[in-house]
Amino acid sequence: MTPSFDVAELAATYANKSAQDILKLAFSQFGDDLWISFSGAEDVVLVDMAWKLNKNVRVFSLDTGRLHPETYRFIDQVREHYKIDIELISPDHSKLEPFVKEKGLFSFYKDGHGECCGIRKIEPLRRKLSTVSAWATGQRRDQSPGTRSQVAVLEIDSAFSTPERTLYKFNPLAQMSSEEIWGYIRMLELPYNSLHERGFISIGCEPCTRPVLPNQHEREGRWWWEEATQKECGLHAGNLIGKA
């Protein structure tokens, strides 16, 4: 469908509403055409909330080929827990194979994670989002103060929209803190990635993720060899940089 609503006005109206209210808005506008992006702890909360509103909720996850074994098990746990399909999106082998042949499997330690993420994450995500009208993410403002502090609960996805097609993006958990996320998980005994029990907070690909020490911010466990304010893979950075 092509919704007729004022994004800026609704974003302002819903800025302080609950995540469930934001999801209700999303489903009222897009129904089964709304897709949930799933990978981490925030996303299982998002899936739980969405599933309780719509048992036909559609969920996808990016399989970069470099995830931890624990993450793959987590995906299957969530699939089984809710009896839902989770569509796994893989990199385009015609782009991935020449990249690995030329640069090997760990080039990002030398020249940054941008190119690898571009092939393993951004291209597959762009391919998926080219087929949908709206998606919802588990982004939170406190995840990365340098890049996500201004996350809106609803926005036009400037990174993945095209001149021919507007893509709408919902961030229902934007206002929630890590403490609130984990309170929700524990209260409802939701499945979670077992790596969290070993000091991992923000979990991405295995070579680019490590546990954090007490009082370190969660994003310090991602791409730790790079400058701290640039810790985005590009899935959301296009929207966020536009707000800087």
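Residues numbered from 1 in each chain as written. Predicted model: local features only at pLDDT ≥ 70, side-chain atom pairs only at ≥ 80, totals over all residues. Heavy atoms only, no water.

**Observations concerning the overall build of the chain**
Move 1: Secondary structure summary: the chain contains 9 helices and 6 strands in total.
Move 2: Split into buried and exposed, the 244 residues of the chain put 52% on the buried side.
Move 3: Taking the contacts inside the chain whose residues are at least 6 apart along the sequence as the reference set, 70% of them involve residues at least 24 apart. (Helix = DSSP H or I, 4+ residues; strand = E, 2+ residues; numbered from the N terminus. Buried < 20%, exposed > 50% of the residue type's maximum accessible area, 1.4 Å probe, protein only. Contact = heavy atoms within 4.5 Å.)

**Regarding the pattern of salt bridges**
Move 1: Taken as a whole and judged by the stated rule, the model has 9 salt bridges.
Move 2: Among the salt bridges present, the one from Asp 76 reaches Arg 79, with a minimum N-O distance of 2.1 Å. Of the two residues, Asp 76 and Arg 79 are both situated in helix 4 (residues 69-82); the distance of 3 residues between them amounts to about one turn of the helix.
Move 3: Several salt bridges converge on common partners, so that one network encompasses Lys 103, Asp 111 and Glu 115. (Salt bridge = Lys/Arg side-chain N within 4 Å of Asp/Glu carboxyl O.)

**Observations regarding the pairing of strand 2 (residues 58-62)**
Move 1: Buried residues dominate strand 2, accounting for 4 of its 5 residues.
Move 2: Pairing between strand 1 (residues 34-37) and strand 2: 3 bridges, direction parallel. Pairing of Trp 35 across the sheet is with Arg 58, part of strand 2.
Move 3: Note that strand 2 and strand 3 (residues 86-89) share 4 bridges and pair parallel. When the sheet's bridge partners are listed, Val 59 is paired in strand 3 with Ile 86. (Pairing = 2+ DSSP bridges.)

**Some points on unusual backbone geometry**
Move 1: Phi is positive for Lys 83, which is not a glycine, with a value near 55°.
Move 2: Backbone geometry places Glu 189, a non-glycine residue, at a positive phi of 55°.
Move 3: Turning to its location among the elements, Glu 189 is positioned in the loop between helix 8 (178-188) and helix 9 (237-241).

**Topic: the confidence of the model for the chain**
Move 1: Per-residue confidence for the chain averages 88 on the pLDDT scale, and 88% of its residues sit at or above 70.
Move 2: Taken as a whole, residues 239-244 scores under 50 in pLDDT and shows 13 contacts with residues more than four places along the chain or in a different chain. (pLDDT = per-residue confidence, 0-100.)

**Concerning the packing of aromatic side chains**
Move 1: Enumeration over the complete set of coordinates arrives at 10 aromatic pairs.
Move 2: A centroid spacing of 6.0 Å and a plane angle of 75° characterise the contact between Phe 30 and Phe 170, whose relative ring orientation is edge-to-face. Of this pair, Phe 30 sits in helix 2 (residues 19-30) while Phe 170 sits in strand 6 (residues 168-170), and the two are 140 residues apart along the sequence. Summarising the burial analysis for this pair, Phe 30 and Phe 170 share the class buried.
Move 3: Among the aromatic residues, ring-to-ring pairing joins Phe 30, Tyr 168 and Phe 170 into one connected group.
Move 4: Residue placement shows Lys 17 over the ring face of Tyr 14; its charged tip is 5.6 Å from the ring centre.
Move 5: Between the NZ or CZ atom of Arg 66 and the centre of the ring of Phe 106, over which it lies, the distance is 5.0 Å. (Phe/Tyr/Trp six-rings, centres within 6.5 Å; stacked < 30°, edge-to-face > 60°. Lys NZ or Arg CZ within 6 Å of the ring centre and 35° of its normal.)

**Quick look at the side chain of Glu 155**
Move 1: Of note, Glu 155 is situated in strand 5 (residues 154-156).
Move 2: Residue class for Glu 155 comes out buried when judged on its relative accessible area of 7%.
Move 3: A polar contact of 3.0 Å, which involves the side chain of Glu 155, links it to the side chain of Asn 171. (Polar contact = N/O pair within 3.5 Å; in protein donor to acceptor, adjacent residues only side chain to side chain.)

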